[in-house]
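A structural walkthrough
So the chains spell out like this:
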Amino acid sequence: MAEFLSSEAILARLVSFDTVSSKSNLDLIAWVESYLASHAIRSQRIADTSTAKASLFATIGPEGPGGICLSGHSDVVPVEGQAWTSDPFTLTRKGDKLFGRGSADMKGYIAVCLARMVANKAAALATPVHLVISYDEETTCEGILPTIARFGHDLPKPRAVLVGEPSLMKVANGHKSAVGYFTYFKGREAHSSKPSDGANTIVAGAMLVAEIERLAAQFRDRADAASPFDPPFTTLHVGVFKGGVARNIVPLDTMVNWEIRALPGLDMQAVVDSLCAHVDRVILPYLTATAPESAITHERQFWLNGLAPEKGSFAEALALRCSGGNHTIVVPYGSEAGQFQAAGIPTIICGPGDIAQAHKPDEWIAVSELRACEAFLDRLFEGCRAGL
């Protein structure tokens, strides 16, 4: 007889899989496949090009297009260097709190989805409910794209997507877009006693940082106090700066890792183009003046579509009805929600747990949040029985 596991029991199994983004998630996917199959729930893998990772798409209810898609990512951030007081890959309960890496972001949501899908497998659903579990959300948010590309082909295109990022079960209809780049500088080494014989890539990198900060200040100065976003302006940020090998050597190589997080409606590519044009017009000539062989190259790290508020969308109305809420919020973090919206699918964020607990040592989710998510999904399944 198939085993029925509680949300907490499923969460314990999910947390036990070390699915840090740099590692494979296939063991977790295999366990979920097996658990769903034991309850006669059909699922399909969508592997990445390396076959080291995969998404999973599962459905209960009638065949055909449409339906409501519940979406969560299986990958988590690293634990190295963090001072955990318990094993991060063993779910540990202390009072109302369940500790473990990914408990809030966002294996708690996946656990509740699995528990409630199994509980409603035998229900006479008029509207199908899908579950998609993705990978690489924490690094690029692009692991979901192969699945989205198959919507309307060999996978049904959902009518709405509910992304379960931790929002304390509040309905979020917006977040910023984001892009990250590596910029690589190649100059010429020389002895520091004659710096003019070389081309100093640390100075060139600092020139890029100065231009990034100049643009960042422009956006800060144009902040809209009425904006619901925090902060209420587009941000630019430099996260990594690496260059040089010794004090007395003019540095040959430097790398700058930078990002933009843009308000909905901003042409983010135009900002990228502006920075790249400044590099070509101002910074590269600084290097080639003494070293014609110098070069500057840009490598895009990720591109994340923003989630633009769509007031009154089917997804928003559905989530508000299931949550019992009467207003929406926006969130400061990025997610896969914008990728679904870019594919023309109404999408919102609503999930258990607090983003303030994510990515930290001793990450936790409250049991009460799991209960609230269960109640949300129970109302969703009730609507799917009636035919949304």
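Heads up: the structure comes first, above all this text.
In what follows, the accompanying structure is described. What you see is a predicted model; the values in this text were computed from it and never measured. (Residues numbered from 1 in each chain as written. Predicted model: local features only at pLDDT ≥ 70, side-chain atom pairs only at ≥ 80, totals over all residues. Heavy atoms only, no water.)

Overview of the overall build of the protein chain
What the protein chain contains, in helices and strands, is nine helices and 15 strands. Taking the principal axes of the C-alpha coordinates as reference, the protein chain spans close to 80 × 40 × 40 Å. Residue burial in the protein chain is summarised as follows: out of 388 residues, 52% are buried. Within the protein chain, residue pairs in contact and separated by at least 24 positions form 80% of the contacts whose partners lie at least 6 positions apart. Charge centroids of the protein chain, computed over 34 positive and 42 negative side chains, lie 2 Å from each other. (Helix = DSSP H or I, 4+ residues; strand = E, 2+ residues; numbered from the N terminus. Buried < 20%, exposed > 50% of the residue type's maximum accessible area, 1.4 Å probe, protein only. Contact = heavy atoms within 4.5 Å. Lys, Arg positive; Asp, Glu negative; His and termini not counted. Charge placed at Lys NZ, Arg CZ, Asp CG, Glu CD.)

Side note on the sheet that holds strand E12 (residues 295–304)
Sheet strands pair via backbone hydrogen bonds, and the direction of the pair is either parallel or antiparallel. Reading across the sheet, the four strands line up as E10-E11-E9-E12 and stay open at both edges, with antiparallel pairing between neighbours. Both outer strands of the open sheet, strand E10 (235–243) and E12, are each paired with one neighbouring strand and no more. Across the sheet, the mean angle separating the axes of adjacent strands is 15° when strand polarity is ignored. In this structure, strand E9 (residues 177–186) lies alongside strand E11 (residues 253–262), joined through ten bridges in antiparallel fashion. From the neighbouring strand, Phe-182 faces E11, where its bridge partner is Asn-257. Contacting E9, E10 and E11, helix H5 (residues 201–221) runs over the sheet at an angle of about 170° to E10. (Pairing = 2+ DSSP bridges. Axes fitted to C-alpha atoms, helices over the stretch in contact; angles between N-to-C directions.)

A closer look at H5
Between its first and last C-alpha, H5 extends 30 Å over 21 residues, near the 30 Å set by a 1.5 Å rise per residue. Among the residues of H5, Thr-201, Ala-204, Gly-205, Leu-208, Glu-211, Ile-212, Leu-215, Ala-216 and Phe-219 are the ones counted as buried. Across the axial projection of H5, the buried residues extend over an arc of 140°, all falling on one side. Elements that come into contact with the buried residues of H5 comprise E9, E10, E11 and helix H6 (268–288). Between the side-chain oxygen at the start of H5 and the backbone nitrogen of Ile-202 there is a gap of 2.9 Å, and the oxygen is on Asn-200. (Expected span 1.5 Å × (residues − 1). Arc of directions from axis to C-beta. Polar contact = N/O pair within 3.5 Å; in protein donor to acceptor, adjacent residues only side chain to side chain.)

Points about the pairing of strand E3 (residues 68–73)
Where burial is concerned, most of E3 is hidden: six out of the six residues are buried. With burial as the criterion, each face of E3 is covered, one bearing Ile-68, Leu-70 and Gly-72 and the other bearing Cys-69, Ser-71 and His-73.

So, the side chain of Glu-316
Turning to its location among the elements, Glu-316 is positioned in helix H7 (residues 314–323). For Glu-316, which is buried and forms no salt bridge, the nearest opposite charge comes from Lys-311, at a distance of 4.7 Å. Residue contacts for Glu-316: discarding those within four places in its chain leaves Asn-173, Glu-310, Lys-311, Thr-328 and Ile-348. (Salt bridge = Lys/Arg side-chain N within 4 Å of Asp/Glu carboxyl O.)

Examining the state of the cysteines
Joining two cysteines, a disulfide is a covalent bond between their sulfur atoms. On inspection of all chains with the given rule, the structure shows zero disulfides. The closest cysteine sulfur to the non-disulfide-bonded Cys-113 is located on Cys-373, 5.8 Å from its own sulfur. We note that Cys-322 lacks a disulfide partner, and the nearest cysteine sulfur, in Cys-384, lies 7.9 Å from it. (Disulfide = S-S within 2.5 Å.)

Brief notes about the sheet that holds strand E15 (residues 364–366)
The three strands lie next to each other as E4-E5-E15, forming an open sheet whose pairing is antiparallel. Strands at the two margins of the open sheet, each flanked by one partner only, are strand E4 (92–94) and E15. When strand polarity is set aside, the average angle formed by the axes of neighbouring strands in this sheet is 25°. Where helix H3 (residues 103–119) meets the sheet, its contacts fall on strand E5 (97–99) and E15, and the angle it forms with E15 comes to roughly 50°.

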